[in-house]
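Coordinate analysis (summary)
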Amino acid sequence: MFDWNDLRFFLELQRSGRLLTAAKRLNTTHSTVARHIESIERSLGTPLFVQHAQGYELTPAGQALLKHAEAMENVALLAQEEITQAIAPLGKIRLGVTEGIGIMFFTPRMNELFARYPGLEVELVAVPRFVSILNREAEISIHLERPNADLLITRKLTDYRLALYASQAYLDRAPPLRNREDLARHSWIGYVDDLLFSQELLFLNSFCRSPHVVFRSTSVIAQQSAARAGLGIAVLPNYMARQDPTLVRVLPSETIQRSYWICTRRELHKSVRLRVVWDYLLALCAAQQHELLAP
């Protein structure tokens, strides 16, 4: 019988694909990770991984073990949750979000959550990419597209609107802007196309067929800063830009609508601390529709 502790190393290597990355996440060395993998392979009498230039990939035996290892991990997590809630209610929850809604919308509106649940601790992972629930990077994740995985519970969090914004200094020196046809003569701010983590971020062509993009960033907050600095026109969520006194709404009738989706692993949805945050975010977005869907 293999040592059950070895399964932690097996799961982390499967999720990260690299010894060094798995070691970093487990706060150990790559040789220690390799030793635990070799131990479980010796016990089972079969290799669990094959190594490629891109990293480690599961063998058929590894695939067979994976579902059992994840089931054991899930039981351990639920046991920990039950005991933790009995001793010290609530605790830590990690929320993975894209920058805009995470930093500019959720963060300023969390006071009521902590006032209601003083034993709660939230880790906000706000990055310009998707945070993986399946790889345990977070327990709740917000997406721009609906995730499609059997292991996940997913709900639409909210729709939201985006529009065109620029600084008055830019508009004063730029060509006249009276209608959509004039947009082709202007400078634009946008995403780095080959680093897009979602096709939902292909905004610019919704407004202008051939935009002249002078500044690109993977960060929507950097794009807002560039618009403030007068570099050009940016497509920004209204909840971010509408209250910014340094920005002017351009062509107010031009707008697009997108959606946010909230998801978690199916077995974690029973967690008390997760449901507290999950329900709060849904209620918050429902109460703030005037801000998220402002025309």
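Notes on the structure follow. Predicted model only: the values in this text are computed from it and were never measured. (Residues numbered from 1 in each chain as written. Predicted model: local features only at pLDDT ≥ 70, side-chain atom pairs only at ≥ 80, totals over all residues. Heavy atoms only, no water.)

One open sheet accounts for eight strands, arranged β4-β3-β5-β10-β6-β9-β7-β8; its pairing is mixed. Of all the strands in the sheet, just β4 (120–126) and β8 (212–216) have a single pairing partner and so form its edges. Neighbour to neighbour, the strand axes of the sheet diverge by 30° on average, direction disregarded. As judged from the 14 bridges shared by strand β6 (residues 152–166) and strand β10 (residues 248–265), these two strands associate in the antiparallel manner. Bridge assignment links Leu162 to a residue of β10, and that residue is Ile256. Contacting β6, β7 (187–190), β8 and β9 (233–237), helix α8 (residues 220–228) crosses the sheet at an angle of about 135° to β9. (Pairing = 2+ DSSP bridges. Helix = DSSP H or I, 4+ residues; strand = E, 2+ residues; numbered from the N terminus. Axes fitted to C-alpha atoms, helices over the stretch in contact; angles between N-to-C directions. Contact = heavy atoms within 4.5 Å.)

With that settled, the discussion passes to the pattern of salt bridges. All told, the structure shown has 14 salt bridges when counted by the stated rule. The partner of Arg116 in a salt bridge is Glu112, and the shortest N-O contact between them spans 2.4 Å. Taken as a pair, Arg116 and Glu112 lie in helix α6 (residues 111–116) at a separation of four residues, close to a single helical turn. Residues joined in a network through salt bridges with shared partners are Glu12, Arg25 and Glu137. (Salt bridge = Lys/Arg side-chain N within 4 Å of Asp/Glu carboxyl O.)

Located in the positive-phi region is Asn27, a residue other than glycine, with phi close to 60°. Of note, Asn27 is situated in the loop between α2 (19–26) and α3 (30–44). We classify Asn27 as exposed; its relative accessible area is 72%. Located in the positive-phi region is Leu251, a residue other than glycine, with phi close to 45°. Inspection of the secondary structure puts Leu251 in strand β10. (Buried < 20%, exposed > 50% of the residue type's maximum accessible area, 1.4 Å probe, protein only.)

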